[in-house]
Amino acid sequence: MTTTPQLTELSFTVSGRVARPCAEVFEAVADPEQLSRYFTTGGARGRLEAGADVTWDFHDFPGRFPVTVVEADPPRRIVISWGGEATIDQSDRTTTTFEFEPLDDDTRTLVTITESSWQPTAKGAENAFGNCEGWTSMLNALKAWVEHGINLREGFYV
């Protein structure tokens, strides 16, 4: 008799390719001025570097969100921790990992975003699905910004 493994945590991964070198794409995520131009519609404060506590603000979810940078390894990886509801962490935090992989002699970059720590409950799934949509939107906006200088989110929420 085989037993079915117990689901203890929900997580998701989204990825996309950006036609720019890895260091340039990494910088577009780590630099608060650039992040504010295409993702954090209310602004980002603080650079994503190891040990930093920064804030992100969004017009669609007003109020500053505190973000802790757990790890930063330029230009390949950033790991952050930030708030969520229905997480497995007692402090209601999720872990989000950004990975940047050079492709085609570093003329393109594969960006992979993984978020974990959601409870395997209806509320945990609802929040994970919502954030999955948000990170997918972020990847689209990142691509448009880095490749073409276009802010896809401008005017979208206000």
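In what follows, the accompanying structure is described. (Residues numbered from 1 in each chain as written. Predicted model: local features only at pLDDT ≥ 70, side-chain atom pairs only at ≥ 80, totals over all residues. Heavy atoms only, no water.)

The helix and strand inventory of the protein stands at three helices and seven strands. Along its sequence from the N terminus, the protein presents helices and strands in the succession β-α-α-β-β-β-β-β-β-α. Over its C-alpha trace the protein gives a radius of gyration of 16 Å, about what one expects of a compact globule, namely 15 Å for 158 residues. Burial analysis of the protein (158 residues in total) assigns 41% to the buried set. The contacts of the protein with a sequence gap of at least 6 include a subset with a gap of at least 24, amounting to 50%. Per element, the accessible surface of the protein, about 8,500 Å² overall, is 51% carbon and sulfur. Positive and negative side-chain charges in the protein, numbering 13 and 24 respectively, have mean positions lying 3 Å apart. (Helix = DSSP H or I, 4+ residues; strand = E, 2+ residues; numbered from the N terminus. Rg over C-alpha atoms; globule rule 2.2 N^0.38 Å. Buried < 20%, exposed > 50% of the residue type's maximum accessible area, 1.4 Å probe, protein only. Contact = heavy atoms within 4.5 Å. Areas by Shrake-Rupley, 256 points an atom, 1.4 Å probe, with all protein chains shown as cover. Lys, Arg positive; Asp, Glu negative; His and termini not counted. Charge placed at Lys NZ, Arg CZ, Asp CG, Glu CD.)

Between its first and last C-alpha atoms helix H3 (residues 122–148) spans 39 Å; for 27 residues at 1.5 Å apiece the expected length is 39 Å, and the two agree. The positive-phi residue at the C-terminal boundary of H3 is glycine 149, with phi of around 70°. (Expected span 1.5 Å × (residues − 1).)

A word on the environment of threonine 94. You can see threonine 94 is positioned in strand S6 (residues 93–103). For threonine 94, a relative accessible area of 0% translates into the label buried. Measuring from C-alpha to C-alpha, the distance between threonine 94 and arginine 20 comes to 29 Å, with 74 residues separating the pair along the chain. When neighbours within four sequence positions are excluded, threonine 94 is seen to be in contact with Ile80, Ser81, Trp82, Gly84, Thr87, Glu115, Ser116, Ser117 and Trp118. A polar contact is formed between the side chain of threonine 94 and the side chain of glutamate 115, at a distance of 3.5 Å. (Polar contact = N/O pair within 3.5 Å; in protein donor to acceptor, adjacent residues only side chain to side chain.)

Before going further, it helps to spend a moment on the sheet that holds strand S7 (residues 108–118). Taken in spatial order, the seven strands of this open sheet run S1-S7-S6-S5-S4-S3-S2, and their pairing is antiparallel. The sheet is open, and its two edges are formed by strand S1 (10–18) and strand S2 (43–45), each paired on a single side. Neighbour-to-neighbour, the strand axes of the sheet open up by a mean angle of 20°, direction not taken into account. Taken together, the seven bridges between strand S5 (residues 77–83) and S6 define a ladder with antiparallel strand orientation. Of the residues in S6, the one forming a bridge with isoleucine 78 is phenylalanine 98. Packing against the sheet, helix H1 (residues 22–30) makes contact with S1, strand S4 (64–73), S5, S6 and S7, and its axis sits at approximately 155° to S6. Packed onto the sheet, H3 meets S1, strand S3 (53–57), S5, S6 and S7 and runs at close to 10° relative to S1. (Pairing = 2+ DSSP bridges. Axes fitted to C-alpha atoms, helices over the stretch in contact; angles between N-to-C directions.)

Its boundaries defined by the atoms lining it, the largest pocket holds a volume of some 650 Å³. Lining the largest pocket are 21 residues, and of these Phe61, Trp82, Gly130, Asn131 and Gly134 lie nearest its centre. At the level of secondary structure, the elements contributing two or more residues to the lining of the largest pocket comprise S5 and H3. The biggest single contributor to the lining of the largest pocket is H3, with eight residues. Residue composition of the lining of the largest pocket, grouped by class: nine nonpolar, seven polar and five charged. (1 Å grid on protein atoms, 1.4 Å probe; cavity = no way out; pocket = protein on both sides within 12 Å on 5 of 7 lines; lining within 4 Å. Points joined across faces, edges and corners; volume = space filled by probe spheres on them. Nonpolar A, V, L, I, M, F, W, Y, C, P; charged D, E, K, R; others polar.)

With 38 residues, the main nonpolar core has Tyr38, Trp56, Ile78, Trp135 and Leu142 as its most contacted residues. Here this core gets nine residues from one element, more than from any other, and that element is H3. (Core = buried A, V, L, I, M, F, W, Y, C linked by side-chain atoms within 4.5 Å.)

Relative to the assigned elements, threonine 112 resides in strand S7. Apart from residues no more than four positions distant in its own chain, threonine 112 is found in contact with Thr13, Val14, Ser15, Thr97, Phe98 and Glu99.

Remember, this is a structural readout, not a statement about activity or role.
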